[in-house]
Amino acid sequence: GENVEQHPSTLSVQEGDSAVIKCTYSDSASNYFPWYKQELGKGPQLIIDIRSNVGEKKDQRIAVTLNKTAKHFSLHITETQPEDSAVYFCAAGGSARQLTFGSGTQLTVLP
Amino acid sequence: GAVVSQHPSWVICKSGTSVKIECRSLDFQATTMFWYRQFPKQSLMLMATSNEGSKATYEQGVEKDKFLINHASLTLSTLTVTSAHPEDSSFYICSATPGRVGNQPQHFGDGTRLSIL
């Protein structure tokens, strides 16, 4: 089955700086890669996703890049704000119905 | 759009009782719903996948007689933890996908924190 590794487990950045979270996956058949943000006591919220036919996708301050050859994908958050502080999960799968989640990254944006 | 509501958000009960958790898709029809379990500071572990009108598919190691799942309509799935014990205490989260093909993302509810005394 699919195995997703996520790094780092914790990340602290100064407000206004960029944050990068990286994930690797094992199954070359995976072609859907979402990122979720989970605030304390809440369920995960989809923030961006990418499919294997696209190398990069951007939505305002958030971007995701995918390298299918190397089997890794990354989340980039620019101009971080305190409200970006949360746990971020990557996931990979053959479709949105078959996801394996990474272990999560606790992002803290320091004011 | 794509709002998933989960109820209750928090439940505390005595060991041996059964607890039912509801998951509703509020503004779309969900042919497939998923149930996850999350321990503190850990990732989401898929417990089962439920399709409307059919039996749920459980992941390896998940006791189907312990965690009863019903998906009787396109907007409601329920998870019943039967004869709950302290080791069943956890954060349970549901998600749902619209449509009948695999290209729609999963949308999550806000979870249910279950504490068994």
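Residues numbered from 1 in each chain as written. Chains lettered and ligands numbered in written order. Predicted model: local features only at pLDDT ≥ 70, side-chain atom pairs only at ≥ 80, totals over all residues. Heavy atoms only, no water.

**Q** What should I look at first to understand the overall build of chain A in this one?
**A** In terms of regular secondary structure, chain A is built from zero helices and eleven strands. When its helices and strands are written in sequence order, chain A yields β-β-β-β-β-β-β-β-β-β-β. In terms of C-alpha radius of gyration, chain A reaches 13 Å, essentially the compact-globule figure of 13 Å for 111 residues. Overall, the C-alpha framework of chain A stretches about 40 × 25 × 20 Å when taken along its three principal axes. Looking at chain A alone, contacts between residues at least 24 apart form 53% of all its contacts between residues at least 6 apart. For chain A, the computed accessible surface area is about 5,300 Å², with 46% contributed by carbon and sulfur atoms. On chain A, the mean spot of the 10 positive side-chain charges and the mean spot of the 12 negative ones are 7 Å from each other. (Helix = DSSP H or I, 4+ residues; strand = E, 2+ residues; numbered from the N terminus. Rg over C-alpha atoms; globule rule 2.2 N^0.38 Å. Contact = heavy atoms within 4.5 Å. Areas by Shrake-Rupley, 256 points an atom, 1.4 Å probe, with all protein chains shown as cover. Lys, Arg positive; Asp, Glu negative; His and termini not counted. Charge placed at Lys NZ, Arg CZ, Asp CG, Glu CD.)

**Q** Looking at this structure, how should I read the state of the cysteines?
**A** Covalently bonding the sulfur atom of one cysteine to the sulfur atom of another cysteine gives a disulfide. All names here are of chain A. Under the counting rule described, the total for this entry stands at two disulfides over all chains. Residue pairing for C23: its cysteine sulfur links by disulfide to C90, the two sulfurs lying 1.9 Å apart. Judged by the sign of its S-S torsion, about -100°, the cystine formed by C23 and C90 is left-handed. With a gap of 67 residues between them, C23 in strand 3 (residues 19-25) and C90 in strand 9 (residues 86-93) connect regions that are remote in the sequence. C90 matches C23 in its accessibility class, with the two residues each being buried. (Disulfide = S-S within 2.5 Å. Buried < 20%, exposed > 50% of the residue type's maximum accessible area, 1.4 Å probe, protein only.)

**Q** Just checking my understanding: could you explain the pattern of salt bridges for this structure?
**A** Opposite charge on two side chains lets them pair, provided their charged atoms get close. Counted by the stated rule, this structure contains six salt bridges over all chains. A salt bridge links D110 of chain B to K42 of chain A; the shortest N-O distance between them is 3.8 Å. Taken as a pair, D110 of chain B in the loop between strand 10 (107-108) and strand 11 (112-116) and K42 of chain A in the loop between strand 4 (32-38) and strand 5 (45-51) lie in two separate chains rather than in one. We note a salt bridge from D49 of chain A to K57 of chain A, for which the minimum N-O separation is 3.0 Å. Assessed through its relative accessible area of 13%, D49 of chain A is described here as buried. (Salt bridge = Lys/Arg side-chain N within 4 Å of Asp/Glu carboxyl O.)

**Q** Just checking my understanding: could you explain the interface of chain B and chain A for this structure?
**A** Quite often, the size of an interface is put as the accessible area lost when its parts meet. The interface is formed by 23 residues belonging to chain B together with 18 residues belonging to chain A. With both chains or domains summed, chain B and chain A bury close to 1,500 Å², and 51% of this area falls on carbon and sulfur atoms. Scanning the region where chain B abuts chain A turns up one salt bridge. The interface formed by chain B and chain A holds six residue pairs in polar contact (both at pLDDT 80 or more) in total. Tallying contributions element by element places strand 4 (residues 30-38) of chain B first for the side of chain B that touches chain A, with five residues. Among the residues forming the side of chain B that touches chain A, the class breakdown is nine nonpolar, twelve polar and two charged. (Buried area = accessible area lost by both parts, 1.4 Å probe. Polar contact = N/O pair within 3.5 Å; in protein donor to acceptor, adjacent residues only side chain to side chain. Nonpolar A, V, L, I, M, F, W, Y, C, P; charged D, E, K, R; others polar.)

**Q** Explanation requested: the pairing of strand 2 (residues 10-14) of chain A in the structure shown.
**A** A regular strand places its side chains on the two faces of the sheet in alternate fashion. Residue and element names in this part refer to chain A. Burial of the side chains of strand 2 is restricted to one face: L11 and V13 are buried, whereas none of T10, S12 and Q14 on the reverse face is. Taken together, the five bridges between strand 2 and strand 11 (residues 105-110) define a ladder with parallel strand orientation. Each residue of the ladder has a partner; that of T10, found in strand 11, is Q106. (Pairing = 2+ DSSP bridges.)

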